[in-house]
Amino acid sequence: MEATSSYAHPGINISNLKTSKLRHDVSVLCFQRGVQVPACNRTCEITCRSSWSSDTTGSTFWNLQLRMPIQKKSLSGKTFCSAGVWTHPLSATESHSHIEEDKVGVLLLNLGGPETLNDVQPFLYNLFADPDIIRLPRLFRFLQQPLAQLISVLRAPKSKEGYASIGGGSPLRKITDEQADALRMALEAKEVPANVYVAMRYWHPFTEEAVQQIKRDRITKLVVLPLYPQFSISTTGSSIRLLQSLFREDKILSRLPVAIIQSWYQRQGYVKSMADLIEKELQSFGSPEEVMIFFSAHGVPVTCVRDAGDPYKDQMEGCIYLIMQELKARGIDNDHKLAYQSRVGPVQWLKPYTDEVLVELGKKGVKSLLAVPVSFVSEHIETLEEMEMEYKEFGLESGVENWGRVPALGCTSTFITDLADAVIEALPSATAITMSTSDGDGLNQDPIGYAIKMLLGSFLAFMLLVFPALKNRV
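A short tour of the structure in this document, coming up. Remember, predicted model here, so these are calculated numbers, not experimental data.

Rules behind the numbers
Residues numbered from 1 in each chain as written. Predicted model: local features only at pLDDT ≥ 70, side-chain atom pairs only at ≥ 80, totals over all residues. Heavy atoms only, no water. Axes fitted to C-alpha atoms, helices over the stretch in contact; angles between N-to-C directions. Helix = DSSP H or I, 4+ residues; strand = E, 2+ residues; numbered from the N terminus. Parallel < 35°, antiparallel > 145°, perpendicular 65-115°, else oblique. Contact = heavy atoms within 4.5 Å. Nonpolar A, V, L, I, M, F, W, Y, C, P; charged D, E, K, R; others polar. Core = buried A, V, L, I, M, F, W, Y, C linked by side-chain atoms within 4.5 Å. Buried < 20%, exposed > 50% of the residue type's maximum accessible area, 1.4 Å probe, protein only. Bend = angle between axes of the 7 residues up to and from the residue. Pairing = 2+ DSSP bridges.

Some points on the packing of helix 5 (residues 144–165) against helix 13 (residues 381–397)
Thought 1: Two numbers describe how helix 5 lies on helix 13: the axes approach to 9 Å, and their chain directions differ by 90 degrees. Put simply, helix 5 runs roughly perpendicular to helix 13. For the pair helix 5 and helix 13, contact is made by K158, G162, Y163 and S165 and by I381, E385, M389 and E390, respectively.
Thought 2: In the contact of helix 5 with helix 13, the residues fall into three nonpolar, two polar and three charged.

Spelled out as structure tokens, the structure:
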């Protein structure tokens, strides 16, 4: 399948994109929409295997045969493919006949959040104990759990204040359950009945709980759909790494055909849904054309991008480009800016930081600003408290006079319908997981040595937080 150039979409100058990867992503989307762009005469599908080096995440991804539009950079000699636009060789009739023979499951992946104030500290512990969140050097990996315990205890009081300000807990589970129900109904409307499950990474319902329910329900084909538009090691990657571990340890689940939609930021339904919300909110300003569109995305540690080859930054920039091109096609040509929020811990995160950019925009004379939570599809602490309260205050104190915020997509019908299409397109790509041996954890291999490391780790973790010089070395 190739896109050849004959005319250009108004406002699209594909040569302005920074990398060939982004130019190709945009070309694929334009091809899907029946729009041809100049400087694009490349094959739009590449068949490859998805693989992740054990040197970057501690385990390898399943070798699933996928058809994707682009290839990402090599990681330790292996090819990583950024998914998002799924295709399959079967006709619609053949595809539905195969689906009807299976008991289909869809597993939605999300972060999770504390439902009460008492849940905050254990939730934070689960978060910081994940090696994909705080990536310690190999020599210091035994510090992971002691460090997570210490950080969670120290951060819990401030985090509790944040959750108290939005009602005493995160609404993420309720909203994700609603999205699961909406997706199930959208699939039924397309004559693809499916059980839809929710798997949270750091709180209930935990991924382990969802996986056991899938097994009890005797699902015969599974699509894994992260509710993160862009792929990152610290979000989608972390959840998939956990799934791999759970599946390879189970003889039944290891034979279950699984298709993973790794990212979907470039899908037409997502791009249009975001543009719809932005266009609607712009109308609430007195002079919509003067409003700065301010995209705020969840940050990730720089080491994930620089050292581990995380495609998140590239995908986020490509996502913003596509949304702005959709808006330009509608006659909306506002200035825009991208920044990253929610940095934690003693490491550098992706820049520019949201709070710092808001101060700069205020000093530059920006009076009207529309905040867009681009990496979030559900309302939670980072949109309701961090963005709507903290960052709004930063902006207003810095000189912004008119503040607005685009709501998260939630159960927007066009968004949910597009997710259903993505699931159906992914089903024929499902492949059984290959069994592999597990190294086990330190506790099972050497309980005495593990206890000694934990005690030493607790002491060193305290030292790392108390003395900045030591902290910077890690």
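Past the structure itself, the notes keep going.
Remarks on the nonpolar core
Nonpolar side chains in soluble globular proteins generally cluster together in the buried interior.
Thought 1: Y270, I278 and F295 are the most contacted members of the largest nonpolar core, which has 63 residues in total.
Thought 2: Ignoring anything within four residues of it in the chain, the contact list for I278 reads I293, F295, I323, L327, L370, V372 and V406.
Thought 3: Counting 23 residues, the second-largest nonpolar core is a separate cluster that includes F123, I134, W203 and V344.

Let's talk about helix 13
Thought 1: Along its length, helix 13 shows its largest kink, about 35 degrees, at M387.
Thought 2: Among all positions in helix 13, only I381, E382, T383, E385, E386, M387, Y391 and G395 are buried.
Thought 3: The secondary structure elements touched by the buried residues of helix 13 are helix 5, strand 9 (292–298), strand 10 (336–341), helix 12 (354–363), strand 11 (368–373) and strand 12 (402–405).
Thought 4: At the exit of helix 13 stands G399, carrying a positive phi of roughly 120 degrees.

Notes on the sheet that holds strand 11
Thought 1: Overall, parallel pairing links the four strands, which are arranged 10-9-11-12 in an open sheet. The open sheet has two edge strands, strand 10 and strand 12, and neither has a second partner. Mean inter-strand twist for the sheet, computed between neighbouring axes without regard to direction, equals 25 degrees.
Thought 2: Relative to the sheet, helix 9 (residues 268–282) contacts strand 9, strand 11 and strand 12, its axis offset from that of strand 11 by approximately 155 degrees.

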